[in-house]
Structures are given as structure tokens and as C-alpha cells.
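Coordinate analysis (summary)
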Amino acid sequence: MKYYSFRIHEQNGEQEYLHECVTKAKSLRDAAKKAEFTAQTWYNDDDIEIPPDNCFEREYHFFGGQLVTRVESIRKTTKKEWLQEIYMMLRIM
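As a starting point, this report considers the structure included with it. (Residues numbered from 1 in each chain as written. Predicted model: local features only at pLDDT ≥ 70, side-chain atom pairs only at ≥ 80, totals over all residues. Heavy atoms only, no water.)

Here's the deal with the packing of aromatic side chains
Rules: What counts as a ring pair is set by centres within 6.5 Å for rings of Phe, Tyr and Trp (its six-membered ring), and what kind of pair is set by the plane angle: stacked under 30 degrees, edge-to-face over 60, tilted for all other angles. Secondary structure elements are taken from DSSP: a helix is a run of H or I of four residues or more, a strand is a run of E of two residues or more, and numbering for both begins at the N terminus.
For the structure shown, the criterion picks out two aromatic pairs. Ring centres of Tyr 43 and Phe 63 lie 6.1 Å apart, and the angle between their planes is 75°; this geometry places the pair in the edge-to-face category. Of this pair, Tyr 43 sits in the loop between α1 (28-40) and β3 (59-62) while Phe 63 sits in the loop between β3 and β4 (67-77), placing them 20 residues apart in sequence. Aromatic rings pair up to connect Tyr 43, Phe 62 and Phe 63 into one cluster.

Notes on the sheet that holds strand β2 (residues 15-25)
Note the following rule: Paired strands, in this sense, are two strands between which DSSP finds at least two bridges. Here an angle of 0 to 180 degrees is reported between the N-to-C directions of two axes, which are lines fitted to C-alpha atoms, with helices fitted over the stretch in contact. Here, residues are in contact when the closest pair of their heavy atoms is within 4.5 Å.
Sheet architecture is open: four strands sit in the order β2-β1-β4-β3, paired in antiparallel fashion. The sheet is open, and its two borders are formed by β2 and β3, each paired with just one other strand. Across the sheet, the mean angle separating the axes of adjacent strands is 25° when strand polarity is ignored. Across 11 bridges, the pairing between strand β1 (residues 2-12) and β2 is antiparallel. Note that in β2 the partner of Phe 6 across the bridge is Cys 21. Packed onto the sheet, α1 meets β1, β2, β3 and β4 and runs at close to 155° relative to β4.

Section: the side chain of Thr 69
Heads up, the rule is: In this scheme, a residue with accessible area under 20% of its type's maximum is buried, one over 50% is exposed, and one in between is partly exposed, where area comes from a 1.4 Å probe on protein chains only.
One can find Thr 69 in strand β4. By relative accessible area, which is 0% here, Thr 69 ends up buried. Beyond its immediate chain neighbours, meaning those up to four positions away, Thr 69 contacts Ile 8, His 9, Glu 10, Ala 39, Trp 42, Arg 58, Glu 59, Tyr 60 and Phe 62.

Interpretation note: all reported values are geometric properties and have no functional meaning in isolation.
Below, the structure is given as C-alpha cells:
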């Protein structure tokens, strides 16, 4: 198992947020599936609009489109690298 970091882009009205996440997976494909599942289940909404499988950029719309999430990036990393990145981001804030 390897570590993969991914970024969830959340749009809430006019506000936009980026969330840094990490997962363990056997391959990039498995990590991408986990990242998509995370974006798809970001909010617990039974009326989620799921895009078709052939859609290039998969966005998930919650609460009638008021909230939107999508996976913005995914890459292989190590636990140490990821923790260093998060630490640096928190220092900047």
C-alpha cells in the first residue's frame, strides 16, 4: 500500500475551499476511486446529482446545486511528505 494525496475542491455559493486529504491505496486507480468516493459523499445528501461515467470532470452537486465538490488533484506521496506539507500550510495561516 502506498500513500496518495488528493485535493477536494468545494464550492459553497460564492465561497470556495480546498481540502487536502490523504489515503492509502494499492494503485493510482484505487486512490482515484477513493478520492471520487470522498467527493461524492462529502455531504450526506440523498438528492445528490451524480454525473455520468463518461463525464470528463466529475462534479457532485448537493442540496439542489448549492454545494459542489470535485477532486482537483491526486498524486503519490509519503506520509512524511504529506505531514510536512500540511504543517507548512498551517504555519502560513
